[in-house]
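A structural walkthrough
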Amino acid sequence: MRRTLYLLVTGMFLLSATQCDAQIFHKKKKVNKSTSAENNAEPDKILYGKAMEDIKHGRHEVGRLNLQTLINTYPDSEFLADAKLAIADSYYKEGGTANTTQAIQAYKDFGVFFPMLPQASYAQLQVAMAHFRQMEKPDRDRSQARDAEDEFQTFLTKYPNDPLAQKAEQHLREVQEVLAEGDYRIGYFYCYGKGDKRAAVSRLISVVNRYPLYSKADQALWMLGEIWEGTEKKEMAVPYYAKIVRDYPLSPLAPAAKDHLTALKAPVPQPDPNAVKWMQAEQNAPRQHESLIMKPMALVRTNPKKELIAAATSGKPNMTPESENEAGTDILRGGNQSRISGPGLGVVATVTPGGTGGAAEGAESVTPAAEGSEPKTGTQPDPSAPAAGSAPENNSAPAGTADPAPKPDATAAGAADPAAKTDAAAAGSDAAKTDAAQTPDGTQSGTNADKKKESTSKKKKGIKKILPW
């Protein structure tokens, strides 16, 4: 019994010792954290990776805070440019008016600090896209659409060969479709709603000159032709009808435009082959169609979805920036017409002071100035197409400039007579001063009124003859 008990106890002891040795043998080695690969990684890289992970999962504020910490703590980090661009992208993705404004500024700052990096073109495009995303319908505020047009034009000017250039060009066509639709609606309202032909012509000329790719450019040209054909200067309608036939040959209005040219005894131009190809490509281009369920939502939504669908898909958009003085210029009151140089009809009505085209001396005469630019196709103008109103045969100044040699007897209406002033000064009487004073209607009172009465009457008759509406 003792021997058996002794063997049992000894076996148990040996088994316990063997298990203890096995545990010691298989025990994991302690890792020295001071020499681990994770501890040796760059802290700025770790911070950048954590920030990007936060942004990826929608924690934009936390991610931007980590990126800003990286920028402030490690100004020489290789991730500095990526961190700045990631902050801008975070604002853009989060959305909202305030965040989009922050994104625009962040993208612009990136372009200032890193203009030579490949991402600079992307930052410039994102500035334009931020304005594009805030663009409203044509009958509402168009400031975002104008800003988007400027930024897309800047991108295409700086980076014409960039892989993103095609995308920017298409968005520029869509923006210009929205801007053109706004001017067209205003011109249509003035023409048929209020009957203000002068204001209508001003808006419609801006449409056909600046936006030849506009889906309703042929209709704007038709309205201009009808307006001028309803006046005594019917020949002013010829270039508009001719442009419909030449540059929009597949338009439903082209046959009627030919009939009007024939009635006006004007030559009918041949259709431009490039214009035919362009219109065929537009007619065959695949376009989205708004469902019947979503059409009622057009009354409450603010984005210009309808205009974006109708925008052209090919053709070179206008790359000329629009000046503030150009939009809505009153063509019968002059204005800065030098900036109207974009592709289009090139017909702008300007004021020539001192002209004698059927008006009295000193009256304003409206004469169109023809330019040699063409619309969407970039082809040369048809030589057979007449210019929009030829200049007078006398030596009057070019359209939009003052007459260098006005007639000696042509004085501005309402100007004080020097002789009357001299008589008033010599007499020193209040009655003489009253004679030299000007009345609110622009005529002279007393003796001066008698001298200027006949000239003023001629001016009014002359203006009425030129502007029958």
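In what follows, the structure referred to is the one given above.
This report concerns the structure included in the present document. All values reported here derive from a predicted model rather than from experimental measurement.

What to know about the packing of helix α9 (residues 165-194) against helix α10 (residues 197-210)
Look at α9 against α10: their axes get within 8 Å of each other, and the N-to-C directions meet at 160°. Taken as axis vectors, α9 and α10 run roughly antiparallel relative to one another. Crossing angle aside, the handedness with which α9 passes α10 is left-handed. Of the residues in α10, those touching α9 at A180, D183, Y184, I186, G187, Y190 and C191 are K197, A199, A200, R203, L204, S206 and V207.

A word on helix α7 (residues 119-133)
Between its first and last C-alpha atoms α7 spans 21 Å; for 15 residues at 1.5 Å apiece the expected length is 21 Å, and the two agree. α7 sits mainly inside the fold: 12 of its 15 residues count as buried. Of all the positions in α7, only A120, S121, A123, Q124, L125, Q126, V127, A128, M129, A130, H131 and F132 are classed as buried. Contacts made by the buried residues of α7 are with α5 (80-94), α6 (97-113), α8 (143-158), α9 and α15 (305-310).

Quick notes on the packing of aromatic side chains
Scanning the entire structure with this criterion turns up 11 aromatic pairs. Ring centres of F110 and F114 lie 5.2 Å apart, and the angle between their planes is 40°; on these two criteria the pair is classed as tilted. F114 matches F110 in its accessibility class, with the two residues each being buried. Taken together, a centroid distance of 5.9 Å and an interplanar angle of 55° make the contact between F189 and Y190 tilted. Overall, the relative accessible area of 46% leaves F189 in the partly exposed class. You can call Y190 partly exposed: its relative accessible area is 24%. Positioned above the aromatic ring of Y91 is the side chain of R64, whose terminal nitrogen or guanidinium carbon lies 4.1 Å from the ring centre. Of note, R133 hangs over the ring of Y92, and the distance from its end group to the ring centre comes to 4.0 Å.

Let's talk about unusual backbone geometry
A positive phi angle, near 60°, is found at K265, a position not held by glycine. Mapped onto the elements, K265 comes out in the loop between α13 (254-263) and α14 (273-284). For K265, a relative accessible area of 79% translates into the label exposed.

Conventions we followed
Residues numbered from 1 in each chain as written. Predicted model: local features only at pLDDT ≥ 70, side-chain atom pairs only at ≥ 80, totals over all residues. Heavy atoms only, no water. Axes fitted to C-alpha atoms, helices over the stretch in contact; angles between N-to-C directions. Helix = DSSP H or I, 4+ residues; strand = E, 2+ residues; numbered from the N terminus. Parallel < 35°, antiparallel > 145°, perpendicular 65-115°, else oblique. Left-handed = near helix turned anticlockwise from the far one by under 90°. Contact = heavy atoms within 4.5 Å. Expected span 1.5 Å × (residues − 1). Buried < 20%, exposed > 50% of the residue type's maximum accessible area, 1.4 Å probe, protein only. Phe/Tyr/Trp six-rings, centres within 6.5 Å; stacked < 30°, edge-to-face > 60°. Lys NZ or Arg CZ within 6 Å of the ring centre and 35° of its normal.

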